[in-house]
Amino acid sequence: MKELKILGVIIFFTLVTYWGVEPLAHSIFHPHVEPADFEFSDLPPVQGKGEVATGKELVVANCTGCHSIKSQGYPAPLDNASANASYGVVPPDLSTAGKIYNENFLANFIKNPAHATKTEHKFVGGKVHPMPSFNWMSDNDIASIIAYLKFIAPKEMTNREVFVDACGRCHNMKYAKIKATSDVSNYMGSTPPDLSMMIRSRGEHYLTTFINDPQKHLHGTAMPRVGLTQEAEEQVIAFLEEIGDSKKEEREALAPYVLGFLVFMAIISLLWKKEVWSEVE
Amino acid sequence: MAKFEKANSVGEWLDQRLNIKMLNRVLMTEYWIPKDINFLWAMGMVLAFTFSMLLISGIFLLMYYKPDVNMAFDSVNYTIMQEVAYGWLFRHIHGVGASVVFLIIYIHMFTGIYYGSYKRGREMIWLSGMLLFVLFSAEAFSGYMLPWGQMSYWAAYVITNIFGGIPFIGDELVVWIRGNFYVADSTLTRFFMLHVLLIPLAILGAIGLHFYSLRIPHVNNQKGEEIDFEEESGKYLAGRKKQSKVIPFWPVFIAKDVFVLSIFLVFFFYLVFYHYDFAMDPVNFDPANGLKTPPHIYPEWYFLWSYEVLRGFFFDIGPMKASDIGLAAFGFAQIIFALLPWLDRSPTVAPANQRPYFRCWFWTMMVVLVILTIFGKLPPTGTNAWVGFFSSITFILLFLILPVVTKAEAKKVASNKEGE
Ligand code: HEM
């Protein structure tokens, strides 16, 4: 009984200290942010009637001058090094854009990339976003482009494919042997970090809100809001976990055996203790 | 020369040469421990066991770790964590072990303080224990640098910088410690040497000294009672085990230790598998970058209280610079616990709760240490800075008044006795 009281005191002091250096400190270092908004409701809805055939014409006329669409046989107009030099970043291939980006985000992105990505603060004093704003297009045109991009998009993608298409133009991922297509340090003014260990250093919780809207955590950061759908973002995070925490499954599978064994040992040792001490007490 | 006859068993053969029966008696079956103890007396063994887990997991890590600024991070986070079979398990055991060992050290230390186990012949136990504390701190600090993550780098930067405040030799000392003008490859390699060779050797030696220092005074007991070990062990050997106030190390004491140890291990491995972030700071999974200062730099939780004493003095007082006062206070905090046997002027050896004044002192100290620890992590701005300041002052004052408090207590106890 007395020993339980002592244990109680120790647990009390340990928990208060733990609470202070972990949950309390974290809540101060990382103030609470609103949950991820996969509707991108800060952007006005673009309501138009889209047609795949019109969309295709518009894309060929306006987009393939910069972007490749390899699945449809449109090669990249420039090699990566030249594209990187001209635009500061290699324009991504659009074969999967209709799948990984949220529809409304995409519409707003085409109209005004800097606004949709929340990076207008980077494009001041004569600097402009390397992709022109197609704000002269009608809502129907934009809807058509999106209808086309969705039409050509694959139905299923692996986690790795989503990652490469969404993040691979800027970020390296050494442990997955993925090298960024571009060196954006000049264009962005900061070097995107390697993402190999992000799942351990930032954790799933942070990543969920960060990828959805980087400004929430790093106010004024150069990283654009990428506009992924919830599904695509979950795939990206799953990929970060596959690479950065590849032994998670093994860890969680082993745990019950080790803990079970130790509980069993505790019971055996309690019996032994009782047996030995019955002679002296 | 001794006469050697044909031995009839391996045991006998060994006994002729190594005297193992005698050794077994002296160290095990007739090494006497008071019976009136609680599970806190198992903490020493829990520490010894945790240290062996650290040693073994460390040896496994050592087979793949590369002490080079260009390779260290990947050798840990890729090779060990992802490629080597069960490398992650060894790393988690090592990381969690390094943190939990301090939790147990603190429990062990405050048990000693609570029961007054540092006086009446037990001063050397206490001093060798403090030596272990210093060595473990150095071991933890040097080990934290090895993965070469952001916190490895910046904690190394901040802590080595502290030495720069020492008068006259400060600047040269910092360069001497780092082996360079900034924290660099030379720093990593030398701390690697310290971590895997010199400090572990010293720890092994200090553990030997600590154990040896227990032999003559014996460990204390729950009431602080002075026990006649000759007489009590005589009773035990004569079969009056229930009346005797002592028990042998083997098997009676150890049976309880093993039980406490198994409970501890359940808790420990729960942390290893499910709850390791507190011990392996996520920030340290970002590779070291000398050009990018992290927004918050803080040491591991077990250094926070003394770190807060360092930062607590945040304004200049008269001609003294804030950083100099902080450094002096920090130096005070580092050595003051070791002087406890001489600061406590009361001869009473009893649990703190049975000592009228010391009891208040003890619990105030506990609360102050918890406050220092918590505020040691928070940003030192606004009220936080003042809380840090006042708790640092309280910490120092508590030690300064201890001799007075305990002297007064001794007087009061003596006059109470006379009154009886
Ligand atoms: C980290 C390495 C350490 C190990 C392996 C260790 C081990 C032990 C062991 C096995 C005992 C005997 C059983 C017990 O009373 O728990 C003991 C006793 C003791 N240790 Fe430690 N110890 C360590 C660190 C320390 C520290 C840091 C201090 C504090 C300065 C300390 C102070 C004491 C005292 C005062 C006792 C005597 C307890 C009593 O008489 O009741 N030890 N230690």
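Computed from a predicted structure; not experimentally measured.

(A) Structural context of the domain arrangement of chain B. Residues and elements named next belong to chain B. Domain annotation of chain B identifies domain 1 (10-291) and domain 2 (298-420). In this structure, domain 1 and domain 2 have C-alpha centres spaced 25 Å apart. Listed as interface residues are 35 residues of domain 1 and, on the opposing side, 32 residues of domain 2. Roughly 2,900 Å² of surface becomes buried between domain 1 and domain 2 when both sides are summed, with 69% attributable to carbon and sulfur atoms. At the junction of domain 1 and domain 2, the tally comes to one salt bridge. Salt-bridge contacts for Asp-344 lead to Lys-119; the nearest nitrogen and oxygen are separated by 2.7 Å. Counting across the domain 1 and domain 2 interface gives twelve residue pairs in polar contact (both at pLDDT 80 or more). Elements with a minimum of two residues in the side of domain 1 that touches domain 2: helix H5 (87-114), helix H6 (123-145) and helix H7 (150-162). When grouped by side-chain class, the residues that make up the side of domain 1 that touches domain 2 number 23 nonpolar, seven polar and five charged.

(B) Structural view of the site of the ligand. Residues and elements named next belong to chain B. Residues in contact with the ligand amount to 22 residues; listed here are only the nearest, Trp-41, His-108, Gly-129, His-210 and Asn-220. One of the side-chain nitrogen or oxygen atoms of Trp-41 is found 2.6 Å away from an oxygen atom of the ligand. Contact distances for the ligand include 3.1 Å between an oxygen atom and a backbone N or O atom of Gly-44. Of all the secondary-structure elements, those providing two or more residues to the shell around the ligand are helix H3 (43-62), H5, H6 and helix H9 (185-213). Examining the composition of the shell around the ligand, we find that seven residues originate from one element, H6, more than from any other. Of the residues assigned to the shell around the ligand, the class counts are 15 nonpolar, six polar and one charged.

(C) How the structure looks around the coordination of the iron atom of the ligand. Residue and element names in this part refer to chain B. In this structure, His-108 (NE2) and His-210 (NE2) serve as the protein donors to the iron atom of the ligand, at separations of 2.0 to 2.1 Å. For the iron atom of the ligand, the six donor atoms in the first shell make angles of 82 to 178° at the metal, a pattern classed as octahedral. You can see His-108 sitting in helix H5 and its partner His-210 sitting in helix H9, a full 102 residues away along the chain. Residue His-210 is classed as buried on the basis of its relative accessible area, which comes to 12%.

(D) The nonpolar core, seen in detail. Residue and element names in this part refer to chain B. With 189 residues, the main nonpolar core has Ile-113, Phe-269, Phe-337, Phe-395 and Phe-399 as its most contacted residues. Looking at which element gives the most residues to this core, the answer is H5, with 16 residues. The residues touching Ile-113, leaving out its near neighbours within four places in the chain, are Tyr-118, Trp-126, Phe-337, Leu-340, Phe-358, Trp-361 and Phe-362.

(E) The arrangement of the interface of chain B and chain A in detail. Each partner contributes to the interface: chain B provides 60 residues, whereas chain A provides 52 residues. Carbon and sulfur atoms supply 69% of the area that chain B and chain A bury against each other, a total of about 5,100 Å² over both sides. At the junction of chain B and chain A, the tally comes to five salt bridges. With its nearest N and O atoms 3.2 Å apart, the salt bridge here joins A:Glu3 to B:Lys256. Counting every contact that joins chain B to chain A gives 20 residue pairs in polar contact (both at pLDDT 80 or more). Among the elements of the structure, helix H4 (72-83), H5, helix H11 (249-274) and helix H15 (358-377) of chain B are those that each provide at least two residues to the side of chain B that touches chain A. Residue composition of the side of chain B that touches chain A, by class: 44 nonpolar, nine polar and seven charged.

(F) Representation of the pattern of salt bridges. Counted under the stated rule, the structure contains 21 salt bridges over all chains. As a salt-bridge pair, A:Lys174 and B:Asp74 come within 2.6 Å of each other at their nearest N and O atoms. Placement of the pair is A:Lys174 in the loop between helix H8 (159-167) and helix H9 (185-188) and B:Asp74 in helix H4, with the two residues belonging to separate chains. When the shortest N-O distance is used, the salt bridge between B:Asp344 and B:Arg355 registers 3.3 Å. Taken together, the residues span a long stretch of sequence, with B:Asp344 in the loop between helix H14 (340-343) and H15 and B:Arg355 in the loop between H14 and H15 at a distance of eleven residues. By the burial criterion, B:Asp344 is buried, and B:Arg355 matches it. Within this structure, B:Lys119, B:Asp344, B:Arg355 and B:Glu409 form a network of salt bridges that share partners.

(G) Representation of the packing of aromatic side chains in the model. Counting across every chain of the model gives 59 aromatic pairs over all chains. When the centroid spacing of 5.8 Å and the interplanar angle of 55° are considered together, the rings of B:Tyr106 and B:Phe133 count as tilted. Here B:Tyr106, found in helix H5, pairs with B:Phe133, found in helix H6; they are 27 residues apart in sequence, far enough to count as distant. The buried category is assigned to B:Phe133, whose relative accessible area is 10%. The cationic tip of B:Lys256 hangs over the ring face of A:Trp277; the distance from NZ or CZ to the ring centre is 5.5 Å. Across the ring face of B:Phe358, the terminal group of B:Arg355 is positioned such that the distance to the ring centre comes to 4.1 Å.

(H) Looking closely at the environment of B:Lys66. All names here are of chain B. Among the structural elements, Lys-66 can be located in the loop between H3 and H4. Distance in space between the C-alpha atoms of Lys-66 and Pro-147 is 9.3 Å, their sequence separation being 81 residues. Residues within four places of Lys-66 in sequence aside, it is in contact with Met-71, Ala-72 and Ser-75.

(I) Spotlight on the packing of helix H12 (residues 304-312) of chain B against helix H16 (residues 382-419) of chain B. All names here are of chain B. At a minimum axis separation of 8 Å, H12 and H16 run at an interaxial angle of 105°. With respect to H16, the axis of H12 lies roughly perpendicular. Along its contact with H12, which presents Trp-305, Glu-308, Val-309 and Gly-312, the element H16 presents Asn-384, Ala-385, Gly-388, Phe-389, Ser-392 and Phe-395. When the residues that make up the contact of H12 with H16 are grouped by side-chain class, the tally is five nonpolar, four polar and one charged.

(J) Summary view of unusual backbone geometry. Residues and elements named next belong to chain B. Across the junction of Trp-250 and Pro-251, the peptide omega takes the value 0°, indicating a cis bond. Of note, Pro-251 is situated in helix H11. Within the chain, Arg-120 stands out as a residue other than glycine whose phi angle is a positive 50°. Take Arg-120: it is sitting in the loop between H5 and H6.

Thresholds, definitions, all that
- Along each chain, the written sequence defines residue order, and numbers are assigned to residues from 1.
- By the order in which they are written, chains take letters starting at A while ligands take numbers starting at 1.
- Local features in this predicted model are restricted to residues whose pLDDT is 70 or higher, and side-chain atom pairs enter the listing and the counts only when it is 80 or higher, whereas totals over whole chains, interfaces and linings include all residues.
- Hydrogens and water molecules were not included; the side-chain quantities draw on all heavy atoms of the structure.
- Domain delimitation in this document rests on an assignment produced automatically or drawn from a domain database.
- Throughout, a residue-residue contact means that at least one pair of heavy atoms, one from each residue, lies within 4.5 Å.
- Once two parts are put together, the accessible area they lose, assessed with a 1.4 Å probe and summed over both, is termed the buried area.
- Salt bridges are defined as contacts in which a side-chain nitrogen from Lys or Arg sits within 4 Å of a carboxyl oxygen from Asp or Glu.
- For this analysis, a polar contact is any N or O atom pair within 3.5 Å, provided that within protein one partner can donate a hydrogen and the other can accept it, and provided that sequence-adjacent residues contribute only side-chain to side-chain pairs.
- Counting from the N terminus, the helices are DSSP H or I runs at least four residues long and the strands are E runs at least two residues long.
- Any residue that is not Ala, Val, Leu, Ile, Met, Phe, Trp, Tyr, Cys, Pro, Asp, Glu, Lys or Arg is counted as polar, Gly included; the first ten are nonpolar and the last four charged.
- Here, proximity means that at least one heavy atom of the residue falls within 4 Å of the molecule or strand.
- The rule for donors is simple: an N, O or S atom within 2.8 Å of the metal counts, and for Na, K and Ca the reach is 3.2 Å. Water is not among the atoms, so a site may look short of donors.
- Any site counts as irregular unless it has four donors with all angles between 85 and 135 degrees, making it tetrahedral, or four or six donors with opposite ones more than 155 degrees apart and the rest between 65 and 115, making it square planar or octahedral.
- Three labels apply to residues, based on accessible area from a 1.4 Å probe with only protein chains included: buried if under 20% of the type maximum, exposed if over 50%, partly exposed otherwise in between.
- Grouping buried Ala, Val, Leu, Ile, Met, Phe, Trp, Tyr and Cys residues that are joined through side-chain atoms within 4.5 Å yields what is termed a nonpolar core.
- Between the rings of Phe, Tyr and Trp (Trp by its six-membered ring), a pair exists once the centres lie within 6.5 Å; its type follows the angle of the planes, with under 30 degrees stacked, over 60 edge-to-face, and the other angles tilted.
- Distance and angle both matter: a charge sits over a ring if NZ of Lys or CZ of Arg is within 6 Å of the ring centre and within 35 degrees of the ring normal.
- With axes taken as lines fitted to C-alpha atoms, and helix axes fitted only over the stretch in contact, angles between N-to-C directions fall between 0 and 180 degrees.
- Each angle gets one of four labels, with under 35 degrees taken as roughly parallel, over 145 as roughly antiparallel, 65 to 115 as roughly perpendicular, and the rest as oblique.

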